[in-house]
Every structure is written in C-alpha cells, then in structure tokens.
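Fold and geometry: a report
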Amino acid sequence: MWKLKVADGGNNDPYIFSTNNFIGRQVWEFDPDYGTREEQAEVEAAREKFWENRHLIKCNSDLLWRMQFLREKNFKQTIPQVKVGDGEEITYEIAKTAMRRGAHFFSALQASDGHWPAEIAGPLYFLPPLVMCLYITGHLDTVFPAEYRREILRYLYCHQGPDGGRDNACARGRKWIRDRGGVTSIPSWGKTCLSIFGLFDWSGSNPMPPEFWLFPSFLPIHPGRFAGPITPPVLELREELFLQLYNEINWKKVRHLCAKEDLYYPHPLIQDLMWDTLYICIEPLLTRWPFNKLRQKALEVTMKHIHYEDENSRYITIGCVEKSLCMLACWVENPNGDYFKKHLARIPDYIWVGEDGIKMQSFGSQEWDTAFALQALLACNLTNEIGPTLKKGHEYVRESQVKDNPSGDFKSMFRHISKGSWTFADQDHGWQVSDCTAEGLKCCLLFSLMPPEIVGAKMEPKRLYDSVNILLSLQSKNGGLEAWEPATAPKWLEMFNPTEFFANTIVEHEYVECTASAIQALVLFKKLYPGHRKNEIHNCITNAVRFIEDKQMPDGSWYGSWGICFTYGTWFALGGLAAAGKTNKNCLAIRNGVEFLLKSQRDDGGWGESHASCPNEKYIPLEGNRSNLVQTAWALMGLLHSGQAERDPTPLHKAAKLLINSQMEDGDFPQQEITGSFMKNCMLHYATYRNTFPLWALAGYMKNCISLSSVGEKLK
C-alpha cells in the first residue's frame, strides 16, 4: 500500500541535500506490507468511487494520505454534526459547532513537521516529459517500477475524455489525435518533447538557439539538437500517430501547425516571421564552421545556467517542465555524472498519489497551503483546543523562510534576491514568491501577538525586515507586485510567446492577488513596527491600492490569475483595500466589488464560477446554477471585508447556511470543481482549499455576523 513520508531525507542518499533538514518535503513510497486488509479495501473503494464519478467531479478528493494520517492519529470526530433547517436561524451554537468540527478535522491532517500536505496537479502534460526522459536515459524501470507504472496508467485512464476508459484507451486516444490531423498538429511544446523522444523530426520544430544566452544582458531577448534512441516502441508510435509515412512528411510545413483545441494564443505574423528567419537563415549558419564554434560556446553558457539553477533549487528546479529538461541536459552532458544522479534523487518531490493514480505535481504548494491553513485556524479563536497544532505550524513557517540569497554573483545569473522570502513549496526550492512571502509574513506577525508558551517563540525582527525588503523590491512603478521577480522587460515581448496554449509567459507581470496580499502584510507590519522604513512602506501601500483600483473590471470584479477567477480576484482585492483603510463609504471600488458579488450569488446562497472564466476573461457561472463551496467561502470573506455584515447580513447568512449544511459527518467538506489556475488557460487542483476556505469563512462569519445580526432573523 502507498504511504506518504514527511521530511524524509532519502535514507542518507549521498546525492540529495537540504538547507533545513528536509522540512516540508513530502514523498510517497510503496510498501507491500503496509496496511491491513481492511485498510487496503478502503483504498480500493475510494479508487472505484472516483472511477464511477470521474466525469462528474474530475478532481480527486486526495484521500490516500488523509486516510493514512487520520488512522495514524486515531482521529474520530466527537463533535456532533449540525444542520440549519428551512426557516431556521443560524445560532451562535450552530455556527461555532460547525467551525469547531472543521478545525478539529483539519488539525488532524497536519503533518509531523507542521505543514499540510496536499496534491497540486491538474494539467496532463506535466508527467509525459518525465517518463520520456527516464525512458531515454534507461532509468524508467528503476524510478517507476511496476506499482508506479500501474498507478500512472490508472491516472491516464481516469482522466481520458468522456469517450475513453479502461478498454481500448490507446486506440481511442490515437483516433482522437488522427482525427485532428495527426501528431503533426501538436503544440510547440509537444513538438519539442517528441523531437527529443525521437518521435518527431527536429526540422518540424521552430529553433530556439542557445546563442540567445550570449546576447548582452541589456537586450530585451535574453534567455546540435538531441534525440533519444530510436527503439522499436518509438518506431511503432511513428506508424500509429501520423497520417502519412514518417519519412514522407514535409517537416518544414508542420512547424506552425496546431490543433484548434490547443490553440489559445495564435502566433501573430511577426512571430512567425521571426521563426521563419531563424529556421531558414540563422540556424543553418550557426551549425556550420566557423559559426559552430559559437554554438559550442553558447551550449557551455547554457549548461552553466542549468547547473546554477539546479544547485540553488537543490535539484528541484523552478518547476516540473524545467525539471525533466534540466535532468535530461545533465544526462546528455554526462550519463554517469553526479549532476544527473542528484536530479534522480529529487524526482520523488514531484510525484503524488491519489485515488485516481500517480500524477506529477507542478512543484508542491506546502508553504502556500500551510500559510492559509494557519490563518484559517487562527481566525477560529480556538487556541485552547488546537494550541499544539498552531505551535507546530508556526515552527514550520519559521523554519521554511529562505535564509539566504542565491549563491555567488546571482545577479549575473539573472536571479533576484530571495533572503527573507517564502517559496510556494519548501525552503529547498529556493524561489521567492511575493504572495507566499506576504502570507508567511502575516502568519509570523499574527503569532507574534500570541503567548510564546502556547505558539512558540516569535520570529526575530531582522528576519521580518528581510521579508519586507522582498515585498518592497517586487513592486513595479504601476504599484502592482509581481509574483517571482521584478518586471523589467517590456510587455510587448508577449507577442513572441511561443506556447499556443498559454498566455503571459514571456515576461513577468503584476497581479491583483500578489498586490493585495502584500498590502495586508505590510499594513499589519506597519502597526507592529511603525519605525521601520516608514515612508517606503506607506508609499508602497498607497501605490498598491491605486493599482488594485485601476485593475477593477467594468462589472466591479477583479480578474484572478491564480484562482478561478473573478470570485477569487475580488476576494483578494476587497481584502487588500479594506486592510488599507478603504470602506464601502469612502471607496467606489469596494462598492462596485460588493455589487458584483451580490449580483452573482446563487439562489442556494452560494457562488459558483466556471473555469471557462479564466481563458475567456469574462465571468461565466457554473453550469446548472451550481455553487462551489470554496468560491462561496471566497465571496463570503470578500463581503465581510467590505463591511456587509453591518449593512445587510442576509446574503452572508445564506452563504453560511450552505457551508454549514454541506459539511460532512467527519468535519470535512466535499471535493467539488477545480479552483486553481495559471497562465489564463491551465487549471490546478488545490486539494486543501475545500477545508481551508470554508473554515476560514465560517470563522469570519462567527466574528462579524452572529453578534451584529438579529438573532431572530429567519432564513427563507
């Protein structure tokens, strides 16, 4: 049976290392002797239930590790379940009971090192490049033995389209591809991966010359082709996936092909002209003497950057796509070298096992999920009941802060400062993220207001100052904050975005969510440390507020870039504006945001927004007038930020009723539609959101509504 291991160092593997003793690391292993027959039967039942409902709810409930943790902690829900009947009021006792049940259940899911594990996956293109890389390098059977391969296949079967299934899955998939022009219509990323795999001729891909790395750094564009062995399976796939014989394909003509299902961002004419120039004129020149000497130098510089990134991320790399490519590059350089072996040791950091099988994660969301989980639990005001959980979580956040900048002359390697930041995943990952830093800082500041004998020692001011420095450094002239690094490149470079199914991939952008998180963190910091960089922080908050107000949509909403979508963005925006002192009375943006939320509330009291809002950039409700509990929680908290409880709490009562009545017997909440997103056209499954946000919203409702509203008000 599968088992999740936390803070595991790989059994003294000499090729793996950590900056904080692997705190936050989460890896799966298969143990044939683990689990009783009853426990194994429980897992099989969860798998079968997902299979039967896979086309209704595409996200799994992330049950395998939850079952494991609840068993290990012998958790039994002892607080009776509550419901709110038709026409019945939400009493203080009902609301608090539901909140306590959720808090106790969620606390039981905390890992031994203090974080909350969870799946963060979704796109099916994450895993195939890793499988291809391991196949090429001859390590597929070692890294993915039989049990792993079984679960990988389970995942693919579970997430094939409505016309797919366990029977004839490959034949149906092949037909789908061939009906759309064959594999020559795959997007550019696919062309690159298949060329590496030997299944696509490199002449059918647009070139990406490594000589870009030799350009002077002041230029706006600054970032031998390898193919794997042509094995019998590769030859068979060549026969199956193309509409004509492989050797008869005119590869030059397929470079710009892309199936309409994948075409979200069509290449503008100027980009195609650039590719054609590189393909026809530049690339042939650079592969011939004497210019091939330049190619060799460019490859050496490229490998220098790859090794730098690998070392500074402890061979996790910035994300799953880069992981496979960097690992393969190290193998090509030296198949028996330490660089490649260090990459192999970090593959488990990306693997996740659910009742729907094995998938590859984006790169982990440990810090992000834990920061939200702790704020939700703190909002419950149940310190006397869950004190140990809070203390352990506080220790995790403290130990997960990045303590140093990237090594050496990091600016020459195009890296930004990271000291004082929090990453999206764990400290070893090393990449600073603005909103993760803001949420981590908020947690530490909130804990600093509590007795240290209960929640542990507060963080030293110097480390808090480092976090503030990160946030200030990531603000653009327009007042917005970027996610990863300062936005220095011009936005027009996006017209050269080579990916057909993404948007906003070339340069860094400012985001409403990152900006709102930073406002909340800096406002709280300013209250507790009023003398530190006072004017800079004041100006940062003022400019950030202006950015949020400027980004409001005509209907009063805000576009959310990292969640679905306008509901998510509006929750963040209202929270940021309220933290800065804006109210419904003195801020038109808040009034318009409230109007948007009230107009989009459903008859059952909830909110439900489709993932289609993200690529279409307009609000699209869920089909069938359905509500989503996570989005309902976001909207409820957004309205609470605006002071809705003082004006008319009726919409809040309706939302709280839906949350309370949806709570399950053990205190969990049901898994519903996917709620995370990125790059406008890809969705992510954040498995802890269904616990964090309904709990957080109920805590806010308890604080703001029960004491302010008429206790005798009836719910119709």
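Read on for a plain summary of the structure. (Residues numbered from 1 in each chain as written. Predicted model: local features only at pLDDT ≥ 70, side-chain atom pairs only at ≥ 80, totals over all residues. Heavy atoms only, no water.)

Time to look at the pairing of strand S9 (residues 682–686). A large share of S9 lies buried, amounting to five of its five residues. Where burial is concerned, the two faces of S9 agree: the one with Cys682, Leu684 and Tyr686 and the one with Met683 and His685 are both buried. Across two bridges, the pairing between strand S3 (residues 120–121) and S9 is antiparallel. Within S9, the position partnered with Ile120 by the bridge is Tyr686. With three bridges connecting them, strand S8 (residues 676–678) and S9 associate as antiparallel partners. Paired with Phe678 across the strands is Cys682, a residue of S9. (Buried < 20%, exposed > 50% of the residue type's maximum accessible area, 1.4 Å probe, protein only. Helix = DSSP H or I, 4+ residues; strand = E, 2+ residues; numbered from the N terminus. Pairing = 2+ DSSP bridges.)

Right, let's talk about the nonpolar core for a bit. In terms of nonpolar packing, the biggest core is built from 192 residues, with Leu130, Trp368, Trp571 and Phe693 touching the most fellow members. Looking at this core, the element that brings in the most residues is helix H19 (residues 512–528), giving ten residues. Contact partners of Phe693, with chain neighbours within four places excluded, come to Phe372, Trp571, Val630, Ala633, Trp634 and Met637. (Core = buried A, V, L, I, M, F, W, Y, C linked by side-chain atoms within 4.5 Å. Contact = heavy atoms within 4.5 Å.)

Time to look at the pattern of salt bridges. Where charged atoms of side chains with opposite charge meet at close range, the side chains can pair. This model, assessed by the stated rule, comprises 35 salt bridges. Between Arg149 and Asp141 there is a salt bridge, with the nearest N and O atoms lying 3.3 Å from each other. A salt bridge links Glu536 to Arg533, with the shortest nitrogen-to-oxygen separation between them at 2.9 Å. The exposure class of Arg533 is partly exposed, given its relative accessible area of 26%. Taken together, the salt bridges that share partners define one network made up of Lys5, Asp8, Arg25, Glu29, Arg346, Asp349 and Asp428. (Salt bridge = Lys/Arg side-chain N within 4 Å of Asp/Glu carboxyl O.)

A word on a nonpolar patch on the surface. The grouping of Leu124, Leu153 and Leu156 at the surface amounts to a nonpolar patch, some 250 Å² of accessible area in total. Its location among the elements puts Leu153 in helix H6 (residues 146–158). Using a relative accessible area of 41% as the deciding quantity, one classes Leu153 as partly exposed. (Patch = residues over 30% accessible without salt bridge, like charges linked within 9 Å, V, L, I, M, F, W, Y side chains within 5 Å. Areas by Shrake-Rupley, 256 points an atom, 1.4 Å probe, with all protein chains shown as cover.)

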